[in-house]
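Each chain, letter by letter, is given below.
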Amino acid sequence: PNSGPELVLSEDEKSDTEDKEETELGVMEDQRSVILHLISQLKLGMDLTKVVLPTFILEKRSLLEMYADFMAHPDLLLAVTAGATPEERVICFVEYYLTAFHEGRKGALAKKPYNPIIGETFHCSWEVPKDRVKPKRTAPHTPTGQEHPMADDPSKSYKLRFVAEQVSHHPPISCFYCECKEKRLCVNTHVWTKSKFMGMSVGVSMIGEGVLRLLEHGEDYVFTLPSAYARSILTIPWVELGGKVSISCAKTGYSATVIFHTKPFYGGKVHRVTAEVKHNPTNTIVCKAHGEWNGTLEFTYSNGETKVIDTTTLPVYPKKIRPLEKQGPMESRNLWREVTRYLRVGDIEAATEQKRYLEEKQRVEERKRETLRTPWQPKYFIQE
């Protein structure tokens, strides 16, 4: 606690009340000409990291905060460690993983979160009532509402804490870490977002991996992340996930393959995902899943049982975050507060100006470090 970064007190965190809804408008006419002009200057396959995108397609939050939304169902994550056998634990993790993406995508419209600035951090936490965390297969299903009751009594809830940090500017790499001390579980992830222009869409590869560590069982689950695509960028842009990801645990010999299917050119459904969980030493498939990552998912287990998870009815736990006046200058919401404020009132020019100011400041500091040959030192993460 005393060495290194300043202490962030989770006691100061309050339930998040930011407006969740992004305004669902298609691209307006005058904006379309800006995008067309931008597209005319791009080449296929071009790396978009260097391209300054128009401010009106921004999402009013930083990418670091978007990663926190992968944890919107913390009860499912904490339930992984409650699995009685390695098989049950890996299946629980796959169930959690498949439900982790829909909350990170607010609304159907594709917008782009702010590119985090090097040294930017984001902190939050979740309170999960203990009676909500049960081993999945054996627990009877209780119908739940959308928003989730907050646990008022800390002794009756688990605390999951989260920190994200932008650790590199070129290439843009974010790291995020979350842990629940009582459940002896943590997740450590690094992601390099590499975007490229593909004609009428933009593809973003999330290069890197995460590790879910269950200390109680001595198990590490290494997982990768899918690519995201913003489609029909000239009309009403929407997001789809694509690609094959893997989850594996070397100790237990279990692994899973998850495929996010992109929509075929003609016909076909959107947002489809399929998965299978395998025990490698015996080469047996212990669970299969199919459905939509933002809709209904159906799981079939080796004993013939099935289970359906509807992601739209899963309880969402609001994250707790410290009020702006208690945040440091490099914390996401504080850092971007002016850009967000102008975007809210629809003053695109002022928002663009603020954003340019932040990015220019970052460039100046980068040049200074290059001249002095001092590499950037992240605050919370160590490069291996």
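Residues numbered from 1 in each chain as written. Predicted model: local features only at pLDDT ≥ 70, side-chain atom pairs only at ≥ 80, totals over all residues. Heavy atoms only, no water.

Asker: Any chance you could break down the overall build of the protein chain for me, citing the residues and the numbers?
Answerer: Per the secondary structure count, the protein chain includes seven helices and 17 strands. Among the 384 residues that make up the protein chain, the fraction classed as buried is 50%. Sequence separation of at least 24 residues holds for 63% of the intrachain contacts in the protein chain that already meet a minimum separation of 6. (Helix = DSSP H or I, 4+ residues; strand = E, 2+ residues; numbered from the N terminus. Buried < 20%, exposed > 50% of the residue type's maximum accessible area, 1.4 Å probe, protein only. Contact = heavy atoms within 4.5 Å.)

Asker: Lay out the nonpolar core with the relevant residues and their values.
Answerer: Membership of the largest hydrophobic core comes to 66 residues, with the highest contact counts inside it found for Leu77, Phe93, Tyr97, Leu98, Phe162, Leu212 and Phe260. Here this core gets eight residues from one element, more than from any other, and that element is helix H4 (residues 86-99). Residues within four places of Phe162 in sequence aside, it is in contact with Leu64, Tyr67, Ala68, Met71, Phe122, His123, Cys124, Trp126, Phe176, Tyr177 and Cys178. Counting residues in each nonpolar core, the second largest holds eight residues, with Leu335, Trp336, Leu343 and Ala351 among its members. (Core = buried A, V, L, I, M, F, W, Y, C linked by side-chain atoms within 4.5 Å.)

Asker: Any details on the state of the cysteines? Residues and values, ideally.
Answerer: Taken as a whole and assessed by the stated rule, the structure comprises zero disulfides. With no disulfide of its own, Cys92 lies 9.9 Å from the sulfur of Cys287, the closest cysteine sulfur. Taking relative accessible area as the criterion, Cys92 reaches 3% and is therefore assigned buried. (Disulfide = S-S within 2.5 Å.)

Asker: An account of helix H7 (residues 348-372) is requested, with residue identities and associated values reported.
Answerer: For H7, which comprises 25 residues, the first-to-last C-alpha distance of 36 Å matches the rise-based estimate of 36 Å (1.5 Å per residue) to within 8%. Within the sequence span of H7, burial applies to Ala350, Ala351, Lys355, Leu358, Glu359, Gln362, Glu366 and Arg369. Downstream of H7 by a residue or two, Arg373 has a phi angle that is positive, lying close to 55 degrees. (Expected span 1.5 Å × (residues − 1).)

Asker: Quick rundown of the confidence of the model for the protein chain? Include the residues and the values.
Answerer: Interpretation of the predicted coordinates at a detailed level should be avoided for regions scoring low in pLDDT. Of all residues in the protein chain, 81% have pLDDT values of 70 or greater, and the mean over the chain is 84. Within the protein chain, the element-level pLDDT minimum falls on helix H1 (residues 29-40), averaging 64, and the maximum on strand S9 (residues 219-223), averaging 97. For the stretch residues 21-27, pLDDT sits under 50, and the model shows 18 contacts to residues farther than four places along the chain or on other chains. Counting contacts from residues 138-147, a segment whose pLDDT is below 50, to residues more than four positions away or on other chains yields 14 contacts. (pLDDT = per-residue confidence, 0-100.)

Asker: Residues and numbers for the packing of aromatic side chains, please.
Answerer: Describing an aromatic ring pair means giving the distance of the ring centres and the angle of the ring planes. A complete count under the given rule lists 15 aromatic pairs for this structure. Ring centres of Phe70 and Phe176 lie 6.4 Å apart, and the angle between their planes is 55 degrees; on these two criteria the pair is classed as tilted. You can see Phe70 sitting in the loop between helix H2 (63-68) and helix H3 (74-79) and its partner Phe176 sitting in strand S6 (residues 173-180), a full 106 residues away along the chain. Each member of the pair Phe70 and Phe176 is classed as buried. Arranged with centres 5.4 Å apart and planes meeting at 80 degrees, the rings of Phe101 and Phe260 form a pair that is edge-to-face. Linking Phe101 in the loop between H4 and strand S3 (112-114) with Phe260 in strand S12 (residues 254-261), this pair joins segments that are 159 residues apart in sequence. Each member of the pair Phe101 and Phe260 is classed as buried. The ring of Tyr342 carries the charged tip of Arg341 above its face, separated from the ring centre by 4.7 Å. (Phe/Tyr/Trp six-rings, centres within 6.5 Å; stacked < 30°, edge-to-face > 60°. Lys NZ or Arg CZ within 6 Å of the ring centre and 35° of its normal.)

Asker: Explain unusual backbone geometry residue by residue, including any values.
Answerer: The step from His170 to Pro171 runs through a cis peptide bond, and the omega angle for that step is -10 degrees. Mapped onto the elements of the fold, Pro171 is located in the loop between strand S5 (157-168) and S6. A positive phi angle, close to 50 degrees, is found at Arg184, a residue other than glycine. Along the chain, the position of Arg184 falls in the loop between S6 and strand S7 (185-197).

Asker: An account of the pattern of salt bridges is needed here, citing residue identities and associated values.
Answerer: In this structure the tally under the stated criterion is 20 salt bridges. With a closest N to O distance of 3.3 Å, Lys319 and Asp69 form a salt bridge. With a gap of 250 residues between them, Lys319 in the loop between strand S16 (306-310) and strand S17 (320-321) and Asp69 in the loop between H2 and H3 connect regions that are remote in the sequence. Summarising the burial analysis for this pair, Lys319 and Asp69 share the class buried. If you follow the salt bridges from partner to partner, you end up with Arg61, Glu65, Asp69, Lys319 and Arg333 in one network. (Salt bridge = Lys/Arg side-chain N within 4 Å of Asp/Glu carboxyl O.)

Asker: A description of the packing of helix H6 (residues 337-345) against H7 should follow, citing residues and the corresponding values.
Answerer: Interaxial distance between H6 and H7 falls to 8 Å at its minimum, and their mutual angle equals 165 degrees. Between H6 and H7, the angle is such that the two are roughly antiparallel. By crossing handedness, the relation of H6 to H7 is classed as left-handed. In contact with Glu338, Val339, Tyr342 and Leu343 of H6, H7 contributes Ile348, Ala350, Ala351, Gln354, Lys355 and Leu358. (Axes fitted to C-alpha atoms, helices over the stretch in contact; angles between N-to-C directions. Parallel < 35°, antiparallel > 145°, perpendicular 65-115°, else oblique. Left-handed = near helix turned anticlockwise from the far one by under 90°.)

Asker: So what about the environment of Leu76? Which residues, and what values?
Answerer: Looking at where Leu76 falls in the secondary structure, it is placed in helix H3. The buried category is assigned to Leu76, whose relative accessible area is 9%. Between the C-alpha atom of Leu76 and that of Tyr96, which follows or precedes it by 20 residues, the distance is 5.5 Å.

Asker: A description of H4 should follow, citing residues and the corresponding values.
Answerer: Taking 1.5 Å as the rise per residue, H4 with 14 residues should run 20 Å; its terminal C-alpha atoms sit 20 Å apart, in good agreement. Most of H4 sits inside the fold, with 12 of its 14 residues counted as buried. Here H4 has its buried residues at Glu88, Arg89, Val90, Ile91, Cys92, Phe93, Val94, Glu95, Tyr96, Tyr97, Leu98 and Thr99.

Asker: Describe the environment of Glu219, naming the residues involved and giving the relevant values.
Answerer: Checked against the element boundaries, Glu219 lands in strand S9. For Glu219, a relative accessible area of 2% gives the class buried. Separated by 133 residues in sequence, Glu219 and Pro86 have C-alpha atoms that sit 8.8 Å apart. Residue contacts for Glu219: discarding those within four places in its chain leaves Pro86, Arg89, Leu212, Arg213, Leu214, Cys249, Lys251 and Thr252. At 2.7 Å, the side chain of Glu219 and the side chain of Arg89 are in polar contact. Looking at Glu219, its side chain comes within polar contact range of the side chain of Tyr221, at 2.6 Å. (Polar contact = N/O pair within 3.5 Å; in protein donor to acceptor, adjacent residues only side chain to side chain.)

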